[in-house]
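This is what each chain is made of:
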Amino acid sequence: MAAIIELQGISKHYSRTIIGVDNVSLSVEDGEFVTLLGPSGCGKSTLLRMIGGFEAPTHGKIRLAGQDVTHVPPYRRDVNMVFQDYALFPHMTVGENIAYGLKMLGKGRDEARRMAAEALEMVGLADKIDQRPMQLSGGQRQRVALARAIVRRPKVLLLDEPLSALDARLRDQMRIEMKHLHEKVGITFIMVTHDQEEALTMSDRVVVMEKGRVAQDGRPQDLYDHPASPYVANFIGTTNFLAARRSGAGVATAAGPLQVEEAVDMPDGAEVTVGFRPEKTRILAPGETAANALPARIAEVIYYGLGLRITVELADGAQVHVDTLLPDTLARSDVPRPGTPVTIAVEPHNIFVFPGKVVV
Ligand SMILES: Nc1ncnc2c1ncn2[C@@H]1O[C@H](COP(=O)(O)OP(=O)(O)OP(=O)(O)O)[C@@H](O)[C@H]1O
């Protein structure tokens, strides 16, 4: 596949001290769904706006389908953007909203209406063509905004937090719909979000950003299973961290030694931080033995419907979360009580090892 977008060393310096985006290089394949993910202020929106041409980079080059568009204005780029608030015209019908840009392109009235109808069909709103935005629900307005954005079949669609205005249930539904829409239209999607679940469920590839830079770039499962840094491990999913030292083939924590599978390229005694997921951590049944068993004590049990989040305290006082699905056979009396001594265990292949001591 060919790269549709190539960013080469893109930076945006707002002032000498405010750096929005810091030397980002990124290539997006034609037809890919890529998400820029990170906390507020990490530079994801600035990067998206530069791809769209709404902001000019201070350094670097942007290529679109092989052409240098770094200094080309938005309306002359084959790119369209969906904004958070949809920006629909209230006095126009849904069909007119979608056809608006087409008339500016010199399309005749009938052709514009036909194209608008086709785009509405794509988002499942064919019957709403003559209604006004006010008569639609939030989710339907979102779909109209999407239809308007794809009607011209741009090469790339940019989506800035497209689901943030919707309530939780609708957001879940729209995630799937947008993924299907992407598959149907075959346009490259680049989305910005701070919601890791949204990023993981919708995208082919996720670019995790940290302070204007790319922290890691990969397929959702690779990021989840092999986070490159504690920052990524903590931003994508949750991670328990323990301070440790490299020791033989494994590591030594204050609560006991752990075997690891990941190659640890550090000298014996070097400071490291180990990370492991709450859902990959188990509380052993009485009498059960396992690799990497550490004695602990139940500190807190939180019920969240689907399962339990159990916080345990290790011998040195470090806290570790254990997520467990609630088997329907579990009697109330089996739910562990705070203070109960237990043994937790994590399999060696589920332990990440990061160099140095990490404060998260
Ligand atoms: N027009 C501007 N002038 C000055 N600084 C700006 C401007 N726009 C963004 N910044 C700064 O650049 C950095 C990146 O901002 P950006 O909006 O890209 O982050 P973001 O990750 O999209 O955050 P959010 O999710 O809150 O929008 C921030 O430190 C921000 O304060």
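Small disclaimer: the values here were computed from a predicted structure and weren't measured.

## Focus on the overall build of the protein
Move 1: Scanning the protein from terminus to terminus reveals eight helices and 20 strands.
Move 2: The dimensions of the protein, computed from C-alpha atoms along their principal axes, are 75 × 50 × 35 Å.
Move 3: Across the 360 residues of the protein, 35% fall into the buried class.

## Let's talk about the packing of helix H2 (residues 94-104) against helix H4 (residues 138-150)
Move 1: Remark: H2 packs on H4, axes separated minimally by 8 Å, with the N-to-C direction vectors making an angle of 30°. With respect to H4, the element H2 is oriented roughly parallel. Crossing geometry of H2 relative to H4 is assigned as right-handed. Here H2 contributes Val94, Asn97 and Ile98 to the contact with H4, which in turn contributes Val144, Ala147 and Arg148.
Move 2: Across the contact of H2 with H4, the residue classes break down as four nonpolar, one polar and one charged.

## Looking at the sheet that holds strand E8 (residues 188-193)
Move 1: Spatially, E6-E7-E8-E3-E9-E10 is the arrangement adopted by the six strands of the open sheet, whose pairing is mixed. Each end of this open sheet is capped by a strand with a single partner; those strands are strand E6 (79-82) and strand E10 (213-218). When strand polarity is set aside, the average angle formed by the axes of neighbouring strands in this sheet is 20°.
Move 2: Across four bridges, the pairing between E6 and strand E7 (residues 156-160) is parallel. Looking at the pairing, Val79 lines up with Val156 of E7.

## Re the confidence of the model for the protein
Move 1: On average, residues of the protein score 92 in pLDDT, and 97% of them reach the 70 mark or higher.
Move 2: Prediction confidence for the complex, expressed as pTM and ipTM, is 0.90 and 0.95 respectively.

## Focus: the site of the ligand
Move 1: Around the ligand, the surrounding shell consists of Tyr14, Ile18, Gly20, Gly38, Ser40, Gly41, Cys42, Gly43, Lys44, Ser45, Thr46 and His194.
Move 2: Broken down by element, the shell around the ligand gets its largest block of residues, three residues, from helix H1 (residues 44-52).
Move 3: Looking at the shell around the ligand residue by residue, the classes come out as three nonpolar, eight polar and one charged.

## Let's talk about the environment of Thr311
Move 1: With respect to the secondary-structure elements, Thr311 resides in strand E17 (residues 307-314).
Move 2: Residue classification places Thr311 among the partly exposed residues on the basis of 17 C-beta atoms within 10 Å.
Move 3: In sequence terms Thr311 and Ala168 are 143 residues apart; their C-alpha atoms lie 27 Å from each other.

## A look at the environment of Glu313
Move 1: With respect to the helices, strands and loops of the structure, Glu313 is situated in strand E17.
Move 2: As a C-alpha pair, Glu313 and Ile298 span 15 residues in sequence and 6.4 Å in three-dimensional space.
Move 3: Each residue touching Glu313, except ones within four places of it in the same chain, is listed here: Ala296, Arg297, Ala299 and Gln319.

## Quick notes on the nonpolar core
Move 1: In this structure, Ala147, Ile190 and Val274 are the most contacted members of the largest nonpolar core, which totals 78 residues.
Move 2: Looking at this core element by element, the count peaks at six residues for H4.
Move 3: Beyond its immediate chain neighbours, meaning those up to four positions away, Ile190 contacts Val28, Val34, Leu36, Leu48, Ile51, Val156 and Leu158.

## Re the sheet that holds strand E20 (residues 352-355)
Move 1: Judged by pairing direction, the sheet is antiparallel, and its five strands sit side by side in the order E13-E12-E11-E14-E20 without closing on themselves. Looking at which strands have only one partner, the edges of the open sheet turn out to be strand E13 (256-258) and E20. Averaged over all adjacent pairs, the angle separating strand axes in this sheet is 40°, with direction ignored.
Move 2: Bridging between strand E11 (residues 240-247) and strand E12 (residues 250-253) involves four bridges; their strand directions are antiparallel. Looking at E12, one finds that Ala244 is bridged to Thr253.

## Thoughts on the packing of H2 against helix H3 (residues 109-122)
Move 1: Taken N-terminus to C-terminus, the directions of H2 and H3 make an angle of 120°; their axes are 9 Å apart at the nearest point. Regarding the angle of H2 to H3, the classification is oblique. When the axes of H2 and H3 are compared, the crossing they make is right-handed. Note on element contacts: H3 touches H2 through Ala112, Arg113, Met115, Ala116, Ala119 and Leu120, opposite Val94, Gly95, Ile98, Ala99, Leu102 and Lys103.
Move 2: For the contact of H2 with H3, the residue count by class is nine nonpolar, one polar and two charged.

## Topic: the UniProt feature "domain: ABC transporter" (unreviewed entry) in the protein
Move 1: Per the UniProt record, the feature "domain: ABC transporter" (unreviewed entry) sits at residues 5-236.
Move 2: Secondary structure content for residues 5-236 is 36% helix and 26% strand, while the C-alpha to C-alpha distance between its ends is 25 Å.

## A few points about the pairing of strand E3 (residues 33-37)
On a regular strand, each side chain points to the face opposite its neighbour's, so the side chains alternate between the two faces of the sheet.
Move 1: Where burial is concerned, most of E3 is hidden: five out of the five residues are buried.
Move 2: The alternating pattern of E3 places Phe33, Thr35 and Leu37 and Val34 and Leu36 on opposite faces, both of which are buried.
Move 3: One ladder, built from five bridges, connects E3 with E8; its direction is parallel. Across the sheet, the residue bridging to Phe33 is Phe189, located in E8.
Move 4: Taken together, the four bridges between E3 and strand E9 (residues 205-210) define a ladder with parallel strand orientation. Counted as the bridge partner of Leu36 is Val207 from E9.

Parameters at a glance
- Residues numbered from 1 in each chain as written.
- Predicted model: local features only at pLDDT ≥ 70, side-chain atom pairs only at ≥ 80, totals over all residues.
- Helix = DSSP H or I, 4+ residues; strand = E, 2+ residues; numbered from the N terminus.
- Buried ≥ 20, exposed ≤ 12 C-beta atoms within 10 Å, placed from the backbone.
- Axes fitted to C-alpha atoms, helices over the stretch in contact; angles between N-to-C directions.
- Parallel < 35°, antiparallel > 145°, perpendicular 65-115°, else oblique.
- Left-handed = near helix turned anticlockwise from the far one by under 90°.
- Contact = placed C-beta atoms within 7 Å.
- Nonpolar A, V, L, I, M, F, W, Y, C, P; charged D, E, K, R; others polar.
- Pairing = 2+ DSSP bridges.
- pLDDT = per-residue confidence, 0-100.
- Near = placed C-beta within 6 Å.
- Core = buried A, V, L, I, M, F, W, Y, C linked by C-beta atoms within 7 Å.
- UniProt positions renumbered as here; feature names shortened; annotations may be inferred.

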